[in-house]
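The lines below spell out each chain.
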Amino acid sequence: MSSIETLSALRQPTHLPVRLSRYFPLAPPLIVLMIAFAIPMGMMIGLSFHDADTGILTLDNYVRFFGDDLMLAGLWRTALMSGLVALCVTVMAYPVAYYLARSTSRWRVVVFALAITPELAGVVLRTYGWLVILEDHGAINNLLTWSGLISEPLPLSKNLIGVVIGLTHVVLPFGILSLLTSIQGIDPNLERAAQILGSSRVSIIRHIILPLSVPGIVSSLLIAFTMAASAYATPALLGGAGFKVIATMVYEQVLFYIDWPFAAVMAVILLVMMLTIAFIGARVEARLHRKLHI
Amino acid sequence: MDRFLSIFFQLSLILILAFIALPILVVFAASVSPTATITFDPSQWTLRWFAALTASRWLDPFLLSLKLAAVVTVLSGLLGLLAAYVVAYRKCPGHEAIMALLVSPLAVPQIVKGVAIVLFLSSAGFYALLGTPGLIMAHIVLTLPFVVRMIAGAMYNFDKRLDQAARILGATSFQRIRFILLPIIKPGLFSGMTFAFILSFNNIPLSVFLVRPGETTLPITVINHMEYSLDPVLAAVNVASLAFILAAILLFERIGGFSAQIHGGSK
Amino acid sequence: MNSNDIEMVSVTKTFGSNLVVNNIDLAIPTGEFVSILGPSGCGKTTTLNMIAGFAQPSSGEIRIRGKSQRGVPPEKRGIGMVFQNYALFPHMTIAENVGFGLKMKKRPAGETRDAVQNALRRVHLDGFENRYPKELSGGQQQRTALARAIAPEPSLLLLDEPLSNLDLKLREAMRVELKDIQEQLAMTFVYVTHDQDEAMAMSDRIVVMQDGVIAQTGRPAEIYEHPRSSFVADFIGKSNLLPISDIRQIENDWFVSLGTKGLTLSVFIPDGMSGHDARYCCIRPEAVRLAVTDEGIPPLPNRLEGTLSRIVNLGAYFDCFITLKDGTVLKSLVRSTRLPGLAVNQAVFLSIDPDAVQLLSR
Ligand SMILES: Nc1ncnc2c1ncn2[C@@H]1O[C@H](COP(=O)(O)OP(=O)(O)OP(=O)(O)O)[C@@H](O)[C@H]1O
Ligand SMILES: [Mg+2]
């Protein structure tokens, strides 16, 4: 008996390190995230509170940002663009998602592939395509000029229209996926039940499908808004100098003006914007789920 | 009314799908059209723009992107395995919090992560790391959370009873990882790595801050050219790189078998 | 040499404050087929897991082949196990599954191949080597699991409800095969089940568990004929279990009163024993003899009259429920060929051999 006690007493001290050692495999990934993510983020946030020349702790950079009409205009353009993209994406994604959720036809696979695979092509290819279509001497303007409908090319790129079209295309698959999950979760028997009770298609959509897919609509809006607001390549290429948003302005700040603290401020503001929207979105979604009892 | 609605629905579906397909078709057509004017007449199509791709101004960035994506894929696969092992397989105390920590970079927009890394490397005096080392770092931060998630997903589904069965048959913990765990989560690992490969190969928002003259990735080279002209050779580059990605996916699929149903799950 | 393959000495297992296995002492001799039988949640799997090493006893000791297993991981215990859901490796062929244990022991390839062949032949699965588990039926998967466990030739095999996912016919066939294999290989089997028929059919010894303690151990017949508690009597086989309101001795004869309405039975208690602590009596249905006329029953002391209130046709037997005058319901098992014309509401006569009335103190 006593030998057992001694044994367990001897084992005690080795106990703790043994348990800690289970966490050792985490060291490489955590160190990498630390060096390449946590420290740079901390440093950037710190930098945003420092004066560019003297290095003194200050809020001046933020004051400067919110006092700068150029910056505020950029912020406004970012919000406007993201809002429009969110709307376009959700409106366009809905019929596709509904079809994918309910159709049993063999075209379903084709539609699904068409809707999702463009994501593999990357942003550059798609933006190139849109530029070819939308630019002043691009496909649309050539067609319209040739047919004599217009004499001057329509401004379709280097402005809001171009960016919204391009971004809608980039974000659409994500909108489709989030609506698809939501609509798939609605019991098809509800629709059948309503049909038996004499509802028309219109009133089924109005009174059953739309209300029940509100969570999907919200998450599609959210995902589209955040993806649009933090997109870089599409606004840079389709908006260019004519339509600058925060993401492209940050880039200029880092590489052309080399004003690092100010670039840090812009990045932090973009980040805070994203986190706020994500937070509010999560709250809204939680409330919706409670309200719809799902 | 219902009939009208149904026609309206089908029409809008076709228009939306056309919208999705349009720019991609245009790029394909542009890549084989003999001049900058796009033609959809197959008799005129030519591969002359593709012939230009072997020039070093396209080949070098391609090779850099390829090497970068390969290194990032392998490293984030290894790091992801380690992290998922502790979090999802061993489920060590606090595993949920650790998982949240590991995927936290997802909450930060890429452009912000890019700014953070470039400011860190420049202002902390690591100029030498701009270029390839910085690109690798940044891309791993981007891909690791996805890879961890996918591997962890596979490991959460892993049937612990298989482990017990192997154990009672005499398998040591190393043997259990090698012969049971890894083969069973292989599809998850490879789908994560495929995803990492695509993300890295196509990346712009992080790379744009970290490339250097002579060390520029393919997508950045393309957008730099696009700002000046819509040279049809760019269409050819885009089509070729899409073809390359599809080939890479097929290759990963052959090795990892993530799309095939494995003979899985004892009943 | 110790002739016990497994010894459990005051083994207790708690999960938090939940006492799951309570102070168990058990010795399992080499070469025996022992069943651990008990209702769901009584701690059978936990006990087996402690033997296998997947769970550590909170206190007490487990010895395998005479050696304490404290600190010995499952992979070093040299035992085989068949899991309830088979736990076949989905990514390996049947041959790879069966050869896995030998591969881990780094046996030469030729030897492994032979052992795999042998094990597969033993479970009648030769020819299935290159299939995957998904491509087998439930019974074939079950046999693969068995082959995998016996291929490394462990002297001790643990089985956790290995037949519970099979249909009745397959289960009965597998019982015979399991028993054959155990005898041919002279292995020790520890077999967990909550199916009492299974335990009765195969075991050399049955361990009945109840709420983490061992209620009784013994040969199947012993447990059936002499259950030590009402729990065991009820759990093993069918029984008429009646609470005793009074017991008294008149010279050498003992009588028990059942219920309050004066139903009295003569019982047999060997000389020198006392029946005073008896609480329940247990009468197996086949010991309740039934006849449709007064003359049809043997001239025994316990003769009762009643009405047939329900007949359950079991094929070869009728399960008859007889309501006695005082309202007590007794079950009787009647061979259907003996009284083919039985009908509900018929008046019947019963007799019970005093020897067949078991007295239980718990
Ligand atoms: N890991 C655990 N943590 C807490 N309680 C547990 C754990 N494992 C088992 N228990 C509890 O211990 C008791 C016995 O469980 P055990 O699995 O041994 O039962 P069993 O006899 O095998 O039952 P069954 O016939 O249903 O398989 C149950 O009440 C169960 O809830
Ligand atoms: Mg159990």
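Describing the domain arrangement of chain C
Residue and element names in this part refer to chain C.
Step number 1: According to the domain assignment, chain C contains domain 1 (4-233) and domain 2 (238-360).
Step number 2: Each of domain 1 and domain 2 has a C-alpha centre, and these two points are 39 Å apart.
Step number 3: Contacts between the two partners involve nine residues from domain 1 and, on the opposite side, eight residues from domain 2.
Step number 4: Both sides of the domain 1 and domain 2 interface together cover about 690 Å² of buried area, and 47% of this is carbon and sulfur.
Step number 5: Broken down residue by residue, the surface that domain 1 buries against domain 2 is led by Tyr224, Ser230 and Ala233, which jointly contribute 69%.
Step number 6: Where domain 1 meets domain 2, there are zero salt bridges.
Step number 7: Linking domain 1 to domain 2 there are four residue pairs in polar contact (both at pLDDT 80 or more).
Step number 8: For the side of domain 1 that touches domain 2, the elements supplying multiple residues, two or more each, are helix H7 (220-225) and helix H8 (230-235).

Some details on the interface of chain C and chain B
Step number 1: Contact with chain C, which involves 29 residues of that partner, is made by 23 residues of chain B.
Step number 2: Of the roughly 2500 Å² buried between chain C and chain B on both sides combined, carbon and sulfur atoms contribute 63%.
Step number 3: Our count for the contact surface shared by chain C and chain B stands at two salt bridges.
Step number 4: Glu75 of chain C serves as the salt-bridge partner of Arg176 of chain B, at 3.8 Å between the closest nitrogen and oxygen.
Step number 5: At the surface where chain C touches chain B, the tally comes to three residue pairs in polar contact (both at pLDDT 80 or more).
Step number 6: Of all the secondary-structure elements, those providing two or more residues to the side of chain C that touches chain B are strand E6 (80-82), helix H2 (94-104) and helix H4 (138-150) of chain C.

Considerations on the confidence of the model for chain C
Step number 1: For chain C, the mean per-residue pLDDT works out to 86, and 96% of the residues sit at or above 70.
Step number 2: Within chain C, H2 of chain C carries the highest mean pLDDT (94), whereas strand E13 (residues 263-267) of chain C carries the lowest (75).

Let's talk about the site of ligand 1
Residues and elements named next belong to chain C.
Step number 1: Around ligand 1, the neighbouring residues are Phe15, Val20, Ser40, Gly41, Cys42, Gly43, Lys44, Thr45, Thr46, Glu161 and His194.
Step number 2: Here Lys44 contributes a side-chain N or O atom positioned 2.7 Å from an oxygen atom of ligand 1.
Step number 3: Contact with the protein chains removes 59% of the 630 Å² of surface that ligand 1 exposes when unbound.
Step number 4: When residues of the shell around ligand 1 are assigned to their parent elements, the largest contribution, three residues, is made by helix H1 (residues 44-52).

Observations regarding the interface of chain B and chain A
Step number 1: Taken together, the contacts link 74 residues of chain B with 67 residues of chain A.
Step number 2: Summed over both sides, the interface between chain B and chain A buries roughly 6100 Å², with carbon and sulfur atoms accounting for 87% of that surface.
Step number 3: The three residues of chain B that bury the most area against chain A are Phe19, Leu119 and Leu230 of chain B, which together make up 10% of that side's buried surface.
Step number 4: At the surface where chain B touches chain A, the tally comes to zero salt bridges.
Step number 5: Inspection of the chain B/chain A interface yields five residue pairs in polar contact (both at pLDDT 80 or more).

Describing the packing of aromatic side chains
Step number 1: Per the stated rule, a full pass over the model turns up 25 aromatic pairs over all chains.
Step number 2: Taken together, a centroid distance of 6.2 Å and an interplanar angle of 45° make the contact between Phe65 of chain A and Phe262 of chain A tilted. Here Phe65 of chain A, found in helix H3 (residues 60-67), pairs with Phe262 of chain A, found in helix H14 (residues 260-291); they are 197 residues apart in sequence, far enough to count as distant. One exposure class covers both Phe65 of chain A and Phe262 of chain A, and it is buried.
Step number 3: Three or more aromatic residues joined by ring pairs form one cluster here, namely Phe62, Phe190, Phe197, Phe201, Phe244 and Phe252 of chain B.

Section: the domain arrangement of chain B
Residues and elements named next belong to chain B.
Step number 1: What the domain assignment lists for chain B is domain 1 (1-46) and domain 2 (63-256).
Step number 2: A C-alpha centroid distance of 33 Å is found between domain 1 and domain 2.
Step number 3: Domain 1 puts six residues into the contact, and the matching count from domain 2 is six residues.
Step number 4: Here domain 1 packs against domain 2, burying approximately 440 Å² in sum over the two surfaces, 88% of which is carbon and sulfur.
Step number 5: When the area that domain 1 buries against domain 2 is broken down by residue, the three leading residues are Val27, Phe28 and Ser31, summing to 69%.
Step number 6: Our count for the contact surface shared by domain 1 and domain 2 stands at zero salt bridges.
Step number 7: Here domain 1 and domain 2 share zero residue pairs in polar contact (both at pLDDT 80 or more) between them.

Things to note about the packing of helix H13 (residues 246-255) of chain A against H14 of chain A
All names here are of chain A.
Step number 1: Where H13 meets H14, the closest approach of the two axes is 8 Å, and the angle between their N-to-C directions is 160°. When the interaxial angle is binned, H13 and H14 end up roughly antiparallel. For the element pair H13 and H14, the recorded crossing hand is left-handed. Where H13 abuts H14, its residues Ile246, Met249, Val250, Gln253 and Val254 lie against Trp260, Phe262, Ala263, Met266, Ala267 and Leu270.

Reading guide: rules and limits
- Residues numbered from 1 in each chain as written.
- Chains lettered and ligands numbered in written order.
- Predicted model: local features only at pLDDT ≥ 70, side-chain atom pairs only at ≥ 80, totals over all residues.
- Heavy atoms only, no water.
- Domains from an automatic or database assignment.
- Contact = heavy atoms within 4.5 Å.
- Buried area = accessible area lost by both parts, 1.4 Å probe.
- Salt bridge = Lys/Arg side-chain N within 4 Å of Asp/Glu carboxyl O.
- Polar contact = N/O pair within 3.5 Å; in protein donor to acceptor, adjacent residues only side chain to side chain.
- Helix = DSSP H or I, 4+ residues; strand = E, 2+ residues; numbered from the N terminus.
- pLDDT = per-residue confidence, 0-100.
- Near = heavy atom within 4 Å.
- Areas by Shrake-Rupley, 256 points an atom, 1.4 Å probe, with all protein chains shown as cover.
- Phe/Tyr/Trp six-rings, centres within 6.5 Å; stacked < 30°, edge-to-face > 60°.
- Buried < 20%, exposed > 50% of the residue type's maximum accessible area, 1.4 Å probe, protein only.
- Axes fitted to C-alpha atoms, helices over the stretch in contact; angles between N-to-C directions.
- Parallel < 35°, antiparallel > 145°, perpendicular 65-115°, else oblique.
- Left-handed = near helix turned anticlockwise from the far one by under 90°.

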